[in-house]
Amino acid sequence: MNRIIKNISAISLAAFLNVAGRSPACGQQKVSEWKAPAGADTIKNPLPFNEESIKKGKTTFTQFCVPCHGDKGKGDGIAGAALNPKPGILISAKVQSQKDGALFWKISTGRNAMVSFAPSLTKEQRWAVINYIRFLAKTENKK
Ligand code: HEC
């Protein structure tokens with residue numbers, strides 16, 4: 001008897017999640033905004049913003065980020081098209097208004113399809129990629 005009740009509640013829970021998880025407009029799940037903890041803002045970028053760090057950052061960006069975020073950081077990479085949530089638009093005001101420390105925390109921590117890059121990239125590579133994202137925003141948003 002108990003087992004039957006358990007099975008029934010598992011089925012109704014699954015049905016409930018299936019309905020509750022979908023927004024009526026597009027059938028995709030609503031995802032809460034991704035915020036770095038306030039403390040992350042105080043982590044300082046140890047690299048100067050110069051040609052050398054931007055160049056290093058570009059190499060990493062091309063290899064690890066372009067597939068999802070697109071070559072100009074517009075969130076339009078081919079591997080990102082089917083993702084929910086979508087890859088962020090890295091040159092947008094929403095991303096650019098975040099401190100280097102917050103971006104470093106996100107790149108190092110990851111969420112959903114955006115994996116943690118702490119195991120695959122050195123700290124220097126992660127900071128350099130942030131400099132490249134800043135550089136991309138400066139050049140792309142001027143156009
Ligand atoms: C497999 C696809 C994928 C790859 C590869 C990827 N990202 Fe992401 N990225 C995402 C997705 C999806 C999100 C949104 C995650 C969320 O909100 O849960 C995201 C979010 C971000 C954000 C936060 C944007 C915001 O709105 O605050 C930053 C910063 C970022 N990515 C940087 C990078 C960098 C730098 C690289 C390369 C080192 C990279 N990503 C590689 C998919 C990817």
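Everything below is about the structure printed above this text.
**A look at the overall build of the protein chain**
- Along the backbone of the protein chain there are six helices and zero strands.
- Residue burial in the protein chain is summarised as follows: out of 143 residues, 31% are buried.
- Considering only contacts within the protein chain whose residues lie at least 6 apart along the sequence, 58% involve residues at least 24 apart.
- Surface accessibility of the protein chain: about 9,500 Å² in total, with carbon and sulfur atoms responsible for 62%.

**Focus on the pattern of salt bridges**
- Overall, the coordinates contain six salt bridges when judged by the stated rule.
- Among the salt bridges present, the one from Asp 100 reaches Arg 134, with a minimum N-O distance of 2.7 Å. Residue Asp 100 is found in helix α5 (residues 100–109), and its partner Arg 134 is found in helix α6 (residues 123–140); the two are separated by 34 residues along the sequence. You'll find Asp 100 and Arg 134 in the same group, each marked buried.
- The salt bridge involving Lys 143 is made with Glu 140; its shortest N-O contact spans 2.9 Å.
- Classification of Glu 140 as buried rests on a relative accessible area of 11%.
- Among the charged side chains, a salt-bridge network with shared partners connects Glu 52, Lys 56 and Glu 124.

**As for the environment of Ala 82**
- Mapped onto the elements of the fold, Ala 82 is located in the loop between α3 (66–69) and α4 (93–96).
- Under the relative-accessibility criterion, Ala 82 is labelled exposed at 71%.
- Sequence separation between Ala 82 and Cys 68 is 14 residues, and the spatial gap between their C-alpha atoms is 9.8 Å.

**As for the coordination of the iron atom of the ligand**
- Protein ligation of the iron atom of the ligand involves His 69 (NE2) and Met 114 (SD), the donor distances falling in the range 2.0 to 2.1 Å.
- Considering all six donor atoms around the iron atom of the ligand, angles at the metal cover 86 to 180° and the coordination shape is octahedral. Highlighted residues: His 69 in helix α3 and Met 114 in the loop between α5 and α6, separated in sequence by 45 residues.

**Considerations on the nonpolar core**
- Judged by nonpolar contacts, the single largest core of 20 residues is most densely connected at Phe 61, Val 129 and Ile 130.
- Only α2 (51–64), α5 and α6 provide two or more residues apiece to this core.
- Ranked by residues supplied to this core, first place goes to α6 with eight residues.
- Contacts of Ile 130, omitting those with residues within four sequence positions, involve Asp 100, Leu 103, Phe 104 and Ile 107.

Scoring rules and cut-offs
- Residues numbered from 1 in each chain as written.
- Predicted model: local features only at pLDDT ≥ 70, side-chain atom pairs only at ≥ 80, totals over all residues.
- Heavy atoms only, no water.
- Helix = DSSP H or I, 4+ residues; strand = E, 2+ residues; numbered from the N terminus.
- Buried < 20%, exposed > 50% of the residue type's maximum accessible area, 1.4 Å probe, protein only.
- Contact = heavy atoms within 4.5 Å.
- Areas by Shrake-Rupley, 256 points an atom, 1.4 Å probe, with all protein chains shown as cover.
- Salt bridge = Lys/Arg side-chain N within 4 Å of Asp/Glu carboxyl O.
- Donors = N, O, S within 2.8 Å, 3.2 Å for Na, K, Ca; no water.
- Tetrahedral: all angles 85-135°; square planar, octahedral: opposite > 155°, others 65-115°.
- Core = buried A, V, L, I, M, F, W, Y, C linked by side-chain atoms within 4.5 Å.

Bear in mind that shape data such as this cannot, by itself, settle questions of function.
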